[in-house]
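As a plain string of letters, each chain reads:
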Amino acid sequence: MVPGKPEWGGLARKGALRATHDERRAREDAAGRPPRHEDLDGEEAAREARRAQRVKRAEELRDEARVAVERANTGRARTVRPPRAGARAPLDRPPIPPRRARQEDETQALHRLFGPTDARKHLRELRAAAGAFEAERHGEAAKLLRPVVELAPEVPEVRELYGLVLYRLGRYREAAKQLEEFRVLAASTDQNPVLADCYRALGRWADVEALWQELTEVSPGPDLVTEGRIVMAGALADQGDLRGAVRLLEKGWKRPPRPRDHHLRRAYALADLYEQSGDVPRARALFGWIVTKEPGFVDADRRLANLR
């Protein structure tokens, strides 16, 4: 994986592009037409497609969290900003409500909000924005999404995509606002690592910690918890607490015989912190393990060569 260049293929299947699978059915349903017999096979195929997409979506949304990891640990000078006396307390954010099965996707939501004609227009804008995001044309994506967010602020996928676009543009305060809304609307911690990294960039350490604690309580899965752990460790290091950052990444860490991607990312972040703290032997050993298990992972081979 190239530093700063995550794998964006999954983003083509994000919520905004799901509109292409079932727009005709949603349009006809919104118009009140009962399904014809010949539509039933297509209906079932559309339902199967949506089920398959939901299974994939959890992993696909992790792509942007990987950007937070790379931003935290790959090839950037660390700015130490110790916490100030009287630093801002974390936001009084509402707890995530219990997750309920959604009765509609964003295609159906837009049809309900705007009717068939305007909904088709906004769906085209969402598809174009998601395509621009995937192609890393983030300014274009933001321009396309802004009016849709203003018109349909209660659709979580719209908030989520706009927040990720703003994050990639480095507009962290605005991105945090959108991702906070997504968190509540979707009853989801899927973007907590990215949201925490927004606050990390703003030096709002208490919010980084609060979002990390929420992840540990919800425990949405080892890969997502790992992303949050790495961002939290990066925030500690940013404040000059390298020892605390190392402790956080070392806690419960073991080298698995068949590591998955999140194991490698955690190992890379820990090796980076070992090097920063002057523990060159441990950094060398851990970078070496990464190279053995996954040659070409980020820039671990180069980091290892520089330590020899």
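Residues numbered from 1 in each chain as written. Predicted model: local features only at pLDDT ≥ 70, side-chain atom pairs only at ≥ 80, totals over all residues. Heavy atoms only, no water.

Caption draft 1: Here's a closer look at the packing of aromatic side chains. The full count for this structure, using the stated rule, is four aromatic pairs. Here the aromatic rings of Y268 and F287 are separated by 5.6 Å at their centres, their planes lie at 75°, and the arrangement is edge-to-face. Of this pair, Y268 sits in helix α12 (residues 261-276) while F287 sits in helix α13 (residues 280-293), and the two are 19 residues apart along the sequence. The exposure class assigned to F287 is buried, which follows from its relative accessible area of 0%. (Phe/Tyr/Trp six-rings, centres within 6.5 Å; stacked < 30°, edge-to-face > 60°. Helix = DSSP H or I, 4+ residues; strand = E, 2+ residues; numbered from the N terminus. Buried < 20%, exposed > 50% of the residue type's maximum accessible area, 1.4 Å probe, protein only.)

Caption draft 2: Quick look at the nonpolar core. Counting 68 residues, the largest nonpolar core has L286, F287 and I290 as its most contacted members. Beyond its immediate sequence surroundings of up to four residues, L286 is in contact with W253, R255, A267, L270, A271 and Y274. (Core = buried A, V, L, I, M, F, W, Y, C linked by side-chain atoms within 4.5 Å. Contact = heavy atoms within 4.5 Å.)

Caption draft 3: Up close: the pattern of salt bridges. Across all of its chains, the model carries 17 salt bridges by this definition. A salt bridge links R303 to D272; the shortest N-O distance between them is 2.7 Å. Of the two residues, R303 is situated in helix α14 (residues 300-307) and D272 in helix α12; the sequence distance between them amounts to 31 residues. In terms of burial, R303 and D272 fall into one category: buried. Ionic contacts of the salt-bridge type, sharing partners, join the residues R93, E180, R204 and D207 into one network. (Salt bridge = Lys/Arg side-chain N within 4 Å of Asp/Glu carboxyl O.)

The analysis is restricted to geometry; functional conclusions fall outside its scope.
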